[in-house]
Amino acid sequence: MRHRPRRGDRLTGSDTQTFFGSRAAAWEERFPDDGPRFERAVAELGVRTGDAVLDAACGTGRALPVLRAATGPAGLLVGLDLTAEMLAEARRRGRGELAHLVRGDVTGLPFAAGSFDVLFASGLVSHLPDPEAGLRELARVAADGARLGLFHPVGRAALARRHGRELTRDDVRSEPRIRELLAGTGWRVTEVDDAEDRWLVVAVRRERT
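I will try to describe carefully the structure that is included in this document. Since the structure is predicted, the reported quantities are computational estimates derived from the model, not experimental observations.

### Describing the overall build of the protein
Here's step 1: The helix and strand tally for the protein stands at 8 helices and 7 strands.
Here's step 2: Of all 209 residues assigned to the protein, the portion counted as buried reaches 50%.
Here's step 3: Sequence-distant contacts, at least 24 apart, represent 67% of the contacts inside the protein between residues at least 6 apart.
Here's step 4: With the model as given, the accessible surface of the protein reaches about 9,900 Å², and the carbon-plus-sulfur share is 50%.

### Observations concerning the packing of aromatic side chains
Here's step 1: Here the structure, examined in full by the defined rule, presents 4 aromatic pairs.
Here's step 2: A centroid spacing of 5.1 Å and a plane angle of 70 degrees characterise the contact between Phe38 and Phe151, whose relative ring orientation is edge-to-face. Separated by 113 residues along the polypeptide, Phe38 in helix α3 (residues 35-45) and Phe151 in strand β5 (residues 142-152) bring together distant segments of the chain. Judged on exposure class, the residue Phe38 and its partner Phe151 are both buried.
Here's step 3: Grouping aromatic residues by their ring pairs yields a cluster made of Phe38, Phe120 and Phe151.
Here's step 4: Of note, Arg173 hangs over the ring of Trp199, and the distance from its end group to the ring centre comes to 5.0 Å.

### Considerations on the sheet that holds strand β1 (residues 52-56)
Here's step 1: Overall, mixed pairing links the 7 strands, which are arranged β3-β2-β1-β4-β5-β7-β6 in an open sheet. Either end of the sheet is taken by a strand with one partner, and the two such strands are β3 (100-103) and β6 (187-194). Here the average twist between neighbouring strands, direction ignored, is 15 degrees.
Here's step 2: Note: β6 against strand β7 (residues 199-205), 7 bridges, orientation antiparallel. Among the inter-strand pairings, Asp194 is bridged to a residue of β7, identified as Trp199.
Here's step 3: Here helix α5 (residues 84-92) sits on the sheet in contact with β2 (76-81) and β3, set at roughly 165 degrees to β3.

### Overview of the nonpolar core
Side chains that are nonpolar tend, in soluble globular proteins, to be buried together.
Here's step 1: By size, the foremost hydrophobic cluster in this structure holds 31 residues, and its most contacted members are Leu54, Leu119, Leu135, Leu138, Leu150, Leu182 and Trp187.
Here's step 2: Looking at this core, the elements with two or more residues in it are β1, β2, β4 (116-122), α6 (131-141), β5, α8 (175-183), β6 and β7.
Here's step 3: When near neighbours in sequence (up to four residues on either side) are disregarded, Leu150 contacts Ala121, Val125, Leu135, Ile178, Leu182, Trp199, Leu200 and Val201.
Here's step 4: In terms of nonpolar packing, the next biggest core, distinct from the first, is built from 20 residues, Ala63, Ala90, Ala99 and Val202 among them.

### Here we look at the pairing of β3
Regular strands place side chains that alternate from one sheet face to the opposite one.
Here's step 1: As paired elements, β2 and β3 share 4 bridges and run parallel to each other. Counterpart to Gly79 in the pairing with β3 is Leu101.

### With respect to the side chain of Asp171
Here's step 1: Tracing the chain through its elements places Asp171 in the loop between α7 (156-162) and α8.
Here's step 2: Within the local environment of Asp171, its side chain forms a polar contact with the side chain of Arg156, the two groups lying 2.9 Å apart.
Here's step 3: A distance of 3.0 Å separates a polar side-chain atom of Asp171 from the backbone nitrogen of Arg173.
Here's step 4: For Asp171, the residues in contact, after removing those within four places along its chain, are Arg156 and Arg177.

### Remarks on unusual backbone geometry
Here's step 1: The phi dihedral of Ala57 falls on the positive side, at around 60 degrees, and the residue is not glycine.
Here's step 2: Structurally, Ala57 is set in the loop between β1 and α4 (64-71).

### As for α6
Here's step 1: If you check which residues of α6 are buried, you get Pro131, Gly134, Leu135, Glu137, Leu138, Ala139 and Val141.
Here's step 2: If you follow the buried residues of α6, they end up packed against β1, β4, β5, α8, β6 and β7.

### Digging into the environment of Gly46
Here's step 1: Here Gly46 shows up in the loop between α3 and β1.
Here's step 2: In this structure the C-alpha to C-alpha distance between Gly46 and Gly149, which are 103 residues apart in sequence, comes to 9.9 Å.
Here's step 3: If near-sequence neighbours (up to four positions away) are discounted, Gly46 is found in contact with Asp51 and Arg147.

Rules used throughout
Residues numbered from 1 in each chain as written. Predicted model: local features only at pLDDT ≥ 70, side-chain atom pairs only at ≥ 80, totals over all residues. Heavy atoms only, no water. Helix = DSSP H or I, 4+ residues; strand = E, 2+ residues; numbered from the N terminus. Buried < 20%, exposed > 50% of the residue type's maximum accessible area, 1.4 Å probe, protein only. Contact = heavy atoms within 4.5 Å. Areas by Shrake-Rupley, 256 points an atom, 1.4 Å probe, with all protein chains shown as cover. Phe/Tyr/Trp six-rings, centres within 6.5 Å; stacked < 30°, edge-to-face > 60°. Lys NZ or Arg CZ within 6 Å of the ring centre and 35° of its normal. Pairing = 2+ DSSP bridges. Axes fitted to C-alpha atoms, helices over the stretch in contact; angles between N-to-C directions. Core = buried A, V, L, I, M, F, W, Y, C linked by side-chain atoms within 4.5 Å. Polar contact = N/O pair within 3.5 Å; in protein donor to acceptor, adjacent residues only side chain to side chain.

Here it is in structure tokens:
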């Protein structure tokens, strides 16, 4: 029998596609109140008109309308996800008209170095088999000075209670751990907000030497 990952487990690429693929069609109905939290996170990330933006692990594309409004028609907007069903749902909702939708793995992005001014990733880091490799790859495709927003529409404590888990210091989203990972992969952290209703980390791509 195939192992069914528990919530909070680090998923492999295959597990990720199985887990999210079966939930894609009803994903947004499960979380109907997240919209304003996405809007606030994108606003704080400082997306500007004409920016090139990557929504990494975009899922059904909940952030894409907000990101497109921020970049304007002149901006480049790409939504990338590993799970085909999530991208199909994004297209069904018309988000393929807002962004280029690409199937791909964050640990091996199909983009040239320095391609993006802003990178947004909701719910990504806790599902990466190797968070350091993923963050390093995001840094590779980021321009010098690019902004990265790692986001989850629920704070760590609230999410742990929801799933009956205890918070631990080795959680990849704990402030000491995420600061360490980002510092080691080319990023400078400017904000960590682990509130009840969201988790947001903002970082800036350090200049290449």
